[in-house]
Amino acid sequence: MEQYSSPLDGIFQALADPTRRSVLARLGRGPASISDLAKPFDMALPSFMKHIHFLEGSGLIRTEKQGRVRTCTIEKSRFAAIEAWMSAQRALWEDRTDRLEQFVISAENKEKST
């Protein structure tokens with residue numbers, strides 16, 4: 001699991017904030033300008049930009065400036081790291097719960113036979 005921790009730390013830190021999750025949800029529907037992304041939030045643009053920089057730094061979004069407009073796009077490939085980690089965790093815990101189930105069944109069978 002250690003191979004995932006470095007890139008995942010920044011990704012999960014980015015996902016921990018509801019504003020950043022909302023931005024990602026919006027970008028899931030397609031690219032948007034920073035001003036469009038900022039509209040639903042009751043905060044100053046410099047404060048909102050901190051969220052954009054954090055998302056960009058974690059690799060979850062990419063920004064591109066065309067003239068005076070900066071457009072954000074979601075980086076779908078970064079979500080593969082999350083999916084890989086989640087899959088590994090799921091396999092680990094499913095294995096543990098399967099072993100626990102077998103232990104309980106075995107204990108019940110021993111109790112019934114005595």
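What you see is a predicted model, and the numbers here were worked out from it, not measured in a lab. (Residues numbered from 1 in each chain as written. Predicted model: local features only at pLDDT ≥ 70, side-chain atom pairs only at ≥ 80, totals over all residues. Heavy atoms only, no water.)

**Focus: the overall build of the protein chain**
Convention followed: The way it works is that DSSP assigns letters per residue, a run of H or I at least four long becomes a helix, a run of E at least two long becomes a strand, and they are numbered from the N terminus. Only the C-alpha atoms count toward the radius of gyration. The rule for a globule is 2.2 Å times the residue count to the power 0.38. Only protein chains enter the area calculation, which uses a 1.4 Å probe; residues under 20% of their type maximum are buried, those over 50% are exposed, and those in between are partly exposed. Residue contacts are counted whenever heavy atoms from the two residues lie within 4.5 Å of one another. In this charge count, Lys and Arg are treated as positive and Asp and Glu as negative; neither His nor the chain ends contribute. Each charge is placed at NZ for Lys, CZ for Arg, CG for Asp and CD for Glu.
When you go through the protein chain residue by residue, the secondary structure sums to 5 helices and 3 strands. Traced from its N-terminal end to its C-terminal end, the protein chain shows the element sequence α-α-β-α-α-β-β-α. For the protein chain, the C-alpha radius of gyration of 22 Å lies well beyond 13 Å, the compact-globule estimate for 114 residues. Expressed as a percentage of the 114 residues in the protein chain, the buried residues total 26%. Sequence separation of at least 24 residues holds for 54% of the intrachain contacts in the protein chain that already meet a minimum separation of 6. Taking the average place of the 17 positive charges on the side chains of the protein chain and the average place of its 15 negative ones, the gap between the two points comes to 9 Å.

**Brief notes about helix 4 (residues 45-57)**
Structurally, the α-helix is built with 3.6 residues per turn, so residues lying three or four positions apart point the same way. How we decide: Expected helix span is given by 1.5 Å per residue-to-residue step, counting one fewer step than there are residues. Within this analysis, the arc is defined by the directions that extend from the helix axis to the C-beta atoms.
Its 13 residues place the ends of helix 4 18 Å apart at the C-alpha level, agreeing with the 18 Å of an ideal helix rising 1.5 Å per residue. Among all positions in helix 4, only Phe-48, Met-49, His-51, Ile-52 and Leu-55 are buried. Along the long axis of helix 4, the arc covered by the buried residues comes to 155°, so they all point the same way. Counted as exposed and oriented over 90 degrees from the buried face of helix 4: Pro-46, Lys-50 and Gly-57. Directly after helix 4, the chain includes Gly-59, whose backbone phi takes a positive value near 85°.

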